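Summary of the model geometry
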Amino acid sequence: MTATALRMTGVEAWYGPAKALFGIDLELRGGETVALLGRNGAGKTTTLRSVMNLMVRRTGDIEVLGEPAKGGADAIARRGVGWVPDDRRIFPTLTVRENLTLAQKAGRSKGREPVALDEVVEILPIMGRLIDRRGSALSGGEQQAVAIARAIVARPRLLLLDEPTEGLAPVIVDELERAVADLPGRFGMSIVLAEQNLTFVQSVAQQVLVLETGRLVYSGTAEQFAADPGIKEQFLAIGTR
Ligand SMILES: Nc1ncnc2c1ncn2[C@@H]1O[C@H](COP(=O)(O)OP(=O)(O)O)[C@@H](O)[C@H]1O
Ligand SMILES: [Mg+2]
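Cut-off values and rules
Residues numbered from 1 in each chain as written. Chains lettered and ligands numbered in written order. Predicted model: local features only at pLDDT ≥ 70, side-chain atom pairs only at ≥ 80, totals over all residues. Heavy atoms only, no water. Helix = DSSP H or I, 4+ residues; strand = E, 2+ residues; numbered from the N terminus. Polar contact = N/O pair within 3.5 Å; in protein donor to acceptor, adjacent residues only side chain to side chain. Contact = heavy atoms within 4.5 Å. Core = buried A, V, L, I, M, F, W, Y, C linked by side-chain atoms within 4.5 Å. Buried < 20%, exposed > 50% of the residue type's maximum accessible area, 1.4 Å probe, protein only. Pairing = 2+ DSSP bridges. Axes fitted to C-alpha atoms, helices over the stretch in contact; angles between N-to-C directions. Expected span 1.5 Å × (residues − 1). Bend = angle between axes of the 7 residues up to and from the residue.

Okay, the side chain of T47 next. For T47, the location among the structural elements is in helix α1 (residues 44-52). For T47, the side chain forms a polar contact with the main-chain oxygen of G43, separated by 2.7 Å. With sequence-adjacent residues up to four places away left out, T47 is seen in contact with M8, L21, I24, L36 and L211.

Moving on, we come to unusual backbone geometry. Positive phi values are uncommon outside glycine, yet N53 reaches one of about 55°. Residue placement: N53 occurs in the loop between α1 and β4 (57-64).

With 50 residues, the main nonpolar core has M127, V210 and F225 as its most contacted residues. If one sorts the elements of this core by residue count, helix α6 (residues 140-153) sits on top with eight residues. Sequence-distant contacts of M127, defined by excluding residues within four places in its chain, comprise V96, V120, V121, A145, V146 and A149. In this structure, A5, V64, A194 and L209 belong to the second largest nonpolar core, which totals 30 residues.

Take the environment of A77 next. Relative to the assigned elements, A77 resides in helix α2 (residues 73-78). Judged by its relative accessible area of 13%, A77 is buried. In this structure, the C-alpha to C-alpha distance between A77 and L158, residues 81 residues apart in sequence, is 9.3 Å. Those residues in contact with A77, other than ones at most four positions away along the chain, are M52, K110 and R112.

We now examine the sheet that holds β4. One open sheet holds the four strands; their spatial order is β2-β1-β4-β5, and the pairing between them is antiparallel. Each of the sheet's edge strands pairs with one partner strand only, and the pair in question is β2 (18-29) and β5 (67-68). With nine bridges joining them, strand β1 (residues 4-15) and β2 adopt antiparallel strand pairing. Within the sheet, the bridge partner assigned to L6 lies in β2 and is L28. Of the strands in this sheet, β1, β2 and β4 are in contact with α1, which crosses β1 at around 110°.

Turning next to the sheet that holds strand β8 (residues 190-194). On the basis of which strands lie adjacent, the open sheet formed by six strands has the order β6-β7-β8-β3-β9-β10 and mixed pairing. Both edges of this open sheet fall to β6 (81-84) and β10 (215-221), since each of them pairs with a single strand only. Going across the sheet, the axis of each strand differs from the next one's by a mean of 15°, ignoring polarity. As paired strands, β6 and strand β7 (residues 158-162) are joined by four bridges and run parallel to one another. Counted as the bridge partner of G82 is L159 from β7.

This part covers helix α7 (residues 170-187). Note on helix geometry: an α-helix contains 3.6 residues per turn, so any two residues three or four positions apart are oriented the same way. Along its 18 residues, α7 runs 26 Å from first to last C-alpha, staying within 8% of the 26 Å computed at 1.5 Å per residue. Along α7, the sharpest change in direction is near 25° and occurs at A181; proline P184 comes one to four residues later. For α7, the complete set of buried residues consists of I172, V173, E175, L176, A179, V180, L183, P184 and F187. Of the residues flanking the end of α7, it is G188, one or two places downstream, whose phi is positive at about 70°.

Spelled out as structure tokens, the structure:
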């Protein structure tokens with residue numbers, strides 16, 4: 001396992017002329033989970049896109065799994081980075097099994113031994129119930145769960161999850177929480193989790209960063225974060241969700 005799974009130093013990012021990130025620093029140790037918290041528009045998704053070199057122009061230094069993050073999203077993915085974007089897109093005409101099998105093939109072509117479907121079902125039991133259904137027959141929440149399962153199947157070393165609990169039924173959120181908590185120990189995976197669900201974050205992350213209008217306004221351990229109600233009131237609009 002790499003000592004540092006992801007290091008971002010002074011990362012700034014733009015969409016055309018509009019600046020979206022103003023100096024993000026992050027260090028994620030191998031086998032740990034860091035949460036990116038922040039209201040809508042804070043820059044969580046842009047931070048993940050910066051790691052993938054996708055859709056944004058960025059400056060600053062990013063090291064992924066011990067090497068500079070050079071090249072496009074494909075090159076970054078080939079290094080062992082799994083990305084579950086916020087659009088939760090799966091193939092609608094294929095069954096869940098076919099969606100997952102394609103991801104296994106993609107993982108194998110990148111030289112990684114995919115996770116067996118049985119083990120994916122063990123990690124995310126809802127996959128067992130959905131496995132023979134077509135993508136188009138699934139609810140948005142179910143599609144989101146499949147998108148996450150698909151990323152797990154390719155056995156990434158670094159997994160980027162963009163608001164995985166958004167719009168999910170509570171029972172699926174609980175299942176996902178157990179799955180995400182299990183991944184580092186089971187596979188040695190490191191995880192960057194963009195989220196707004198504090199309960200979820202506090203049960204899976206060791207480190208918490210808070211973004212506000214593209215700036216890092218808080219960084220601490222999960223314990224420090226849990227003990228600091230001020231930061232939640234100030235930046236996370238607690239009580240409104
Ligand atoms: N594709 C895009 N084109 C232009 N601006 C964007 C785009 N995506 C996000 N932004 C802007 O970048 C800022 C950060 O957004 P984003 O990273 O999506 O925040 P979050 O994921 O925390 O909700 C916002 O001001 C948003 O309007
Ligand atoms: Mg977002």
